[in-house]
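What follows is the residue order along each chain.
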Amino acid sequence: LRRSDPLSGRTIERAGRLALELPTRARIDLDGGEGLTLRADGGDWLQPSLRQLVRAGPSGAAEALRWWGALLDPAGAGLEERRTGERSFALRVRGAARAVGGAAEARLELDARGLPRRLVLASSDGGRVEYGLSGWRFVRPRGATAFVLAAPAGYDVVRLP
């Protein structure tokens, strides 16, 4: 994960692992214990530095989940894709000039095997978040419980719509 920090102006890089599971599950576990899960019914964001777990409902997770769906099935995720190079595509929400809030558009690059290599999200405020992807492995589905985070003892749980 690579993103620019709007406060310091520095680029922040974090390593982690991504798990995707059809039809609508995504999980990112970052070095340092931070984690994010997304599901059709919502998602969780574990933030060790703040000692909190944020739980979002379906509307809070829907947009982010759409972009992870781009790696599995862009058309099924409601995205239009336009080829921009031999192995690259521009993506945007179908029928919209730009997304409401969050990411306005994305760029997806594939490796020589046709697997996603980089997903770059451009937000409506001009920010950018880049996910570099490598080491793809395909394993049996882990099931819904693998995409739910639990708050460790002493953490606050914040619920969002």
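Since the model is a prediction, treat every value here as computed from it, not as a measurement.

### Regarding unusual backbone geometry
Turning to step 1, where the next piece is worked out: In this chain, Leu22 is followed by Pro23 through a cis amide linkage whose omega measures 5°.
Turning to step 2, where the next piece is worked out: On the secondary structure map, Pro23 appears in the loop between strand E3 (16-21) and strand E4 (25-30).
Turning to step 3, where the next piece is worked out: Phi angles above zero are rare outside glycine, and Arg51 is one such case at about 55°.
Turning to step 4, where the next piece is worked out: Here Arg51 shows up in the loop between strand E6 (42-47) and strand E7 (52-56).

### Re the sheet that holds E6
Turning to step 1, where the next piece is worked out: Pairing is mixed in the open sheet, where six strands are placed in the order E3-E4-E5-E6-E7-E13. Of all the strands in the sheet, the pair left with one neighbour each is E3 and strand E13 (156-159). Taken pair by pair, the neighbouring strands of this sheet meet at an average axis angle of 10°, ignoring direction.
Turning to step 2, where the next piece is worked out: Across five bridges, the pairing between E4 and strand E5 (residues 35-39) is antiparallel. For Arg25, the partnering residue across the bridge sits in E5 and is Arg39.

### Examining the pattern of salt bridges
Turning to step 1, where the next piece is worked out: The final tally for this structure, using the stated rule, is 16 salt bridges.
Turning to step 2, where the next piece is worked out: Through salt bridges with shared partners, a single network forms among Arg2, Glu13, Arg107, Glu109, Arg117, Arg118, Arg128 and Glu130.

### With respect to the side chain of Glu130
Turning to step 1, where the next piece is worked out: Along the chain, the position of Glu130 falls in strand E12 (residues 128-132).
Turning to step 2, where the next piece is worked out: Of the polar contacts made by the side chain of Glu130, one reaches the side chain of Arg128; its length is 2.9 Å.
Turning to step 3, where the next piece is worked out: Dropping the residues within four chain positions of it, Glu130 is found in contact with Leu1, Arg2, Arg118, Leu119 and Val120.

### Points about the pairing of strand E8 (residues 79-85)
Turning to step 1, where the next piece is worked out: As paired strands, E8 and strand E9 (residues 88-93) are joined by six bridges and run antiparallel to one another. If you follow Gly85 over to E9, its bridge partner there is Ser88.
Turning to step 2, where the next piece is worked out: Count of turn residues in the E8/E9 antiparallel hairpin: two residues.

### Some remarks on the packing of aromatic side chains
Turning to step 1, where the next piece is worked out: What the rule picks out here adds up to two aromatic pairs.
Turning to step 2, where the next piece is worked out: Taking the centre distance of 4.7 Å and the plane angle of 70° together, the rings of Trp68 and Tyr131 count as edge-to-face. Here Trp68 is found in helix H1 (residues 58-72), whereas its partner Tyr131 is found in strand E12, with 63 residues between them in sequence.
Turning to step 3, where the next piece is worked out: A residue is classified by how much of its surface remains accessible, and Trp68, at 6% relative accessible area, is buried.
Turning to step 4, where the next piece is worked out: Ring centres 6.2 Å apart and planes at 15° place the aromatic pair Trp136 and Phe138 in the stacked group.
Turning to step 5, where the next piece is worked out: Looking at Trp136, the relative accessible area reads 23%, which means it is partly exposed.

Conventions used here
Residues numbered from 1 in each chain as written. Predicted model: local features only at pLDDT ≥ 70, side-chain atom pairs only at ≥ 80, totals over all residues. Heavy atoms only, no water. Helix = DSSP H or I, 4+ residues; strand = E, 2+ residues; numbered from the N terminus. Pairing = 2+ DSSP bridges. Axes fitted to C-alpha atoms, helices over the stretch in contact; angles between N-to-C directions. Salt bridge = Lys/Arg side-chain N within 4 Å of Asp/Glu carboxyl O. Polar contact = N/O pair within 3.5 Å; in protein donor to acceptor, adjacent residues only side chain to side chain. Contact = heavy atoms within 4.5 Å. Phe/Tyr/Trp six-rings, centres within 6.5 Å; stacked < 30°, edge-to-face > 60°. Buried < 20%, exposed > 50% of the residue type's maximum accessible area, 1.4 Å probe, protein only.

Coordinates in, geometry out; function isn't part of it.
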